[in-house]
Amino acid sequence: MTVSPHRRLAAGATLIAAVVAGVAPATSAHAAPSAPSAPTVPSAPAVTRAATPTPVPAPDMEGVAGALSAAMTNGAPGAMARFTGPDGVQVRTAGLRDRVSGAAMDTRARFRIGSVSKTFSSVVLLQLVDEGRVELDAPVNRYLPGLLPDDRITVRHLLTHRSGLADYTDKMFAQTVPGFEAVRNRVFSYQELLDLSLSEPRTTEPGVAYKYSNANFVVVGMLIEKTTGKKVGQEYERRIIKPLKLRNTSYVHPDTRIKGLHARGYLHPDEAGAPLVDSTEQTVSWAQSAGAVISDPADLNTFMTALMRGRLLSPAMLDAMTTVTPTDATNTRFYGLGLRRYNLTCGAQVFGHTGTVQGFYTYAFATRDGRRSLSAMANTSNRGAANTALGGTLEAAFCGKKPAAAGARSARSVPVLPAEADLPERR
């Protein structure tokens, strides 16, 4: 599909022109895994010309650093990014991971990944589809009888946010800090969360339109647990974390701690000028299978790379997961089965997910061939401008450095699109 550059994603396009002072680069020489070699092509007649491969731009790590600095300018205490590609691993950090101790941001630090957890949940459920234990287009009520008020809602509708189930977090976090403090230490059951959704009017008829809702992935968690007889965290561990050796990824619900080296998260109150709230410790029980995973940049790179290279799903199921529909009118943002696709200004398409949980914004994306991946985090939330700025790491990492003239044209003609909201925010 050809997409006009005037309509492609340009989040952070004006933010990546140069490194901003105070952003400390650090580059690792670890080699990223290479993609499988292409099959040998039989000899062709002399008149046949082989297609010239499209050159892959080198990542603009200065631009990545500029995006991190811009996130800080817009309210994040710190930010970091880790890029993997054919030439190895490159990282950039900015600011602080802990405002009290003054500890600098560190790409080895763990953090809450928010809605990137939805891709973990999708992989587990799609593995169950691969195993013949769940059907994508079967009604949810076949597996959880009487759970939903509409037998037309299918498993696929949940994964694509087309069920019409209201997002209970809209009301829960209508006031950001009071809403958070009310649930910081609370432990919910899945049914309690679903009941909050069902108490609100449905947003659309099943299958008619995309409407992002955390309730969808609460039901995904219920499906996983009913089908396997195991807790969601156990299935993450067995199916993803252990096979991929994700040593810094965990699901600790309802424990409130992030063990080991970690970044602290800082929530912006709704009131201008109010002090940041340290939101690091919480149960994340209000999200669970919709957003309670903890990870680090290296593990997120490994996860997205492995997913795109077919290590977690069958080819047919991965094709289904990456079959997308638009989420807005820009024709640059799309959603598949628990997976976003962004079309960048250079024509690159990247797959992954964004994440928001109190105190943390996350981006975790990879190219469809899995040869390049980026994970980025800023330790704040309820500050949409910081989230939008962090999104500029995608353009810089996957599109490379723009020529000065082209960059100037892009900045003038392509608007900077605000970051997509995975959680209701007021600032």
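Residues numbered from 1 in each chain as written. Predicted model: local features only at pLDDT ≥ 70, side-chain atom pairs only at ≥ 80, totals over all residues. Heavy atoms only, no water.

**Student:** Before we go on, may I ask you to explain the packing of helix α2 (residues 117-130) against helix α10 (residues 297-308) in this structure?
**Tutor:** The angle between the axes and the distance between the axes are what describe a pair of packed helices. Between α2 and α10, whose axes approach to 12 Å, the crossing angle comes to 40 degrees. Classified by the interaxial angle, the pair formed by α2 and α10 is oblique. Remark: the crossing between α2 and α10 carries left-handed chirality. Facing α2, whose interface residues are Thr119, Phe120 and Val123, α10 presents Leu300, Phe303, Met304 and Leu307. (Axes fitted to C-alpha atoms, helices over the stretch in contact; angles between N-to-C directions. Helix = DSSP H or I, 4+ residues; strand = E, 2+ residues; numbered from the N terminus. Parallel < 35°, antiparallel > 145°, perpendicular 65-115°, else oblique. Left-handed = near helix turned anticlockwise from the far one by under 90°. Contact = heavy atoms within 4.5 Å.)

**Student:** Just to check I follow, could you spell out the nonpolar core for this structure?
**Tutor:** Counting 82 residues, the largest nonpolar core has Trp286 and Leu307 as its most contacted members. Beyond its immediate sequence surroundings of up to four residues, Leu307 is in contact with Thr119, Val123, Leu312, Leu313, Leu318, Met321 and Leu339. In terms of nonpolar packing, the next biggest core, distinct from the first, is built from 28 residues, Val350, Phe365, Ala396 and Cys399 among them. (Core = buried A, V, L, I, M, F, W, Y, C linked by side-chain atoms within 4.5 Å. Buried < 20%, exposed > 50% of the residue type's maximum accessible area, 1.4 Å probe, protein only.)

**Student:** Please explain helix α8 (residues 214-228) as it appears in this structure.
**Tutor:** An ideal rise of 1.5 Å per residue puts 21 Å on 15 residues; α8 measures up with 22 Å between its terminal C-alpha atoms. Of all 15 residues that make up α8, 13 are buried, and the element is covered over most of its length. Downstream of α8 by one or two residues, Gly229 has phi in the positive range, about 75 degrees. (Expected span 1.5 Å × (residues − 1).)

**Student:** How should the sheet that holds strand β6 (residues 277-278) be read in this particular structure?
**Tutor:** In sheet architecture, strand pairing relies on hydrogen bonds along the backbone and comes in two forms, parallel and antiparallel. Spatially, three strands are ordered β6-β5-β14 in an open sheet, and the strand pairing comes out mixed. The sheet is open, and its two borders are formed by β6 and β14 (380-381), each paired with just one other strand. Pairing of strand β5 (residues 266-267) with β14, which is carried by two bridges, proceeds in the parallel orientation. Across the sheet, the residue bridging to Tyr266 is Thr380, located in β14. (Pairing = 2+ DSSP bridges.)

**Student:** Explain the pattern of salt bridges to me, please; I cannot follow it from the model alone.
**Tutor:** Oppositely charged side chains can form a pair if their charged atoms are brought close together. Considering all chains together, one arrives at 22 salt bridges under this definition. For Lys401, the salt bridge goes to Asp60, with nearest N and O atoms at 3.2 Å. Here Lys401 is found in the loop between α13 (392-399) and α14 (404-413), whereas its partner Asp60 is found in the loop between β1 (23-26) and α1 (61-73), with 341 residues between them in sequence. A single network of salt bridges, built from pairs that share partners, joins Glu131, Arg133, Glu235, Arg238 and Arg239. (Salt bridge = Lys/Arg side-chain N within 4 Å of Asp/Glu carboxyl O.)

**Student:** Would you mind going over the state of the cysteines with me for this structure?
**Tutor:** Formally, a disulfide is one covalent bond, and it connects the sulfur atom of one cysteine to the sulfur atom of another. Taken as a whole and assessed by the stated rule, the structure comprises one disulfide. Each disulfide pairs two cysteine sulfurs, and for Cys346 the partner residue is Cys399, the sulfurs being separated by 2.1 Å. Taking the torsion about the sulfur-sulfur bond, which here is approximately -70 degrees, the covalent link between Cys346 and Cys399 counts as left-handed. Taken together, the positions of Cys346 in the loop between β10 (340-343) and β11 (349-357) and Cys399 in helix α13 put the pair 53 residues apart, joining distant regions of the chain. Judged by relative accessible area, which is 43%, Cys346 ranks as partly exposed. Cys399 gets classed as buried once you look at its relative accessible area, which sits at 9%. (Disulfide = S-S within 2.5 Å.)

**Student:** Is there a simple way to think about the side chain of Asn382 in this case?
**Tutor:** Along the chain, Asn382 falls in the loop between β14 and α12 (384-390). The class of Asn382 is buried, set by a relative accessible area of 1%. For Asn382, the side chain forms a polar contact with the side chain of Thr176, separated by 3.4 Å. Here Asn382 is in contact with Thr176, Leu267, His268, Pro269, Asp270, Tyr361, Glu425, Arg426 and Arg427, once residues within four sequence places are set aside. (Polar contact = N/O pair within 3.5 Å; in protein donor to acceptor, adjacent residues only side chain to side chain.)

**Student:** Is there a simple way to think about empty space enclosed by the protein in this case?
**Tutor:** Regions of empty space are outlined by a rolling probe, equal in size to a water molecule, passed over the atoms. Applying the stated criterion across every chain, the model contains three cavities of 30 Å³ or more. Estimates place the volume of the largest cavity at around 80 Å³. For the lining of the largest cavity, a count of residues per class yields five nonpolar, five polar and one charged. (1 Å grid on protein atoms, 1.4 Å probe; cavity = no way out; pocket = protein on both sides within 12 Å on 5 of 7 lines; lining within 4 Å. Points joined across faces, edges and corners; volume = space filled by probe spheres on them. Nonpolar A, V, L, I, M, F, W, Y, C, P; charged D, E, K, R; others polar.)

**Student:** Just to check I follow, could you spell out the environment of Leu194 for this structure?
**Tutor:** Within the fold, Leu194 resides in helix α7 (residues 190-198). The residues touching Leu194, leaving out its near neighbours within four places in the chain, are Leu147, Leu148, Val218, Val219 and Met222.

**Student:** I'm lost on the confidence of the model for the protein in this one. Help?
**Tutor:** The predicted coordinates of low-pLDDT regions are not to be read in fine detail. Within the protein, residue pLDDT values average 89, and 85% of them lie at 70 or more. Low confidence marks residues 1-51, where pLDDT is under 50. Its contacts with residues over four positions away, or in another chain, come to 92 contacts. (pLDDT = per-residue confidence, 0-100.)

**Student:** How should the packing of α2 against α8 be read in this particular structure?
**Tutor:** Look at α2 against α8: their axes get within 10 Å of each other, and the N-to-C directions meet at 40 degrees. When the interaxial angle is binned, α2 and α8 end up oblique. Every pair of crossing elements has a handedness; the one defined by α2 and α8 is left-handed. On α8, the residues touching Lys118, Ser121, Ser122, Val124, Leu125 and Leu128 of α2 are Asn214, Phe217, Val220, Leu223, Ile224, Thr227 and Thr228.

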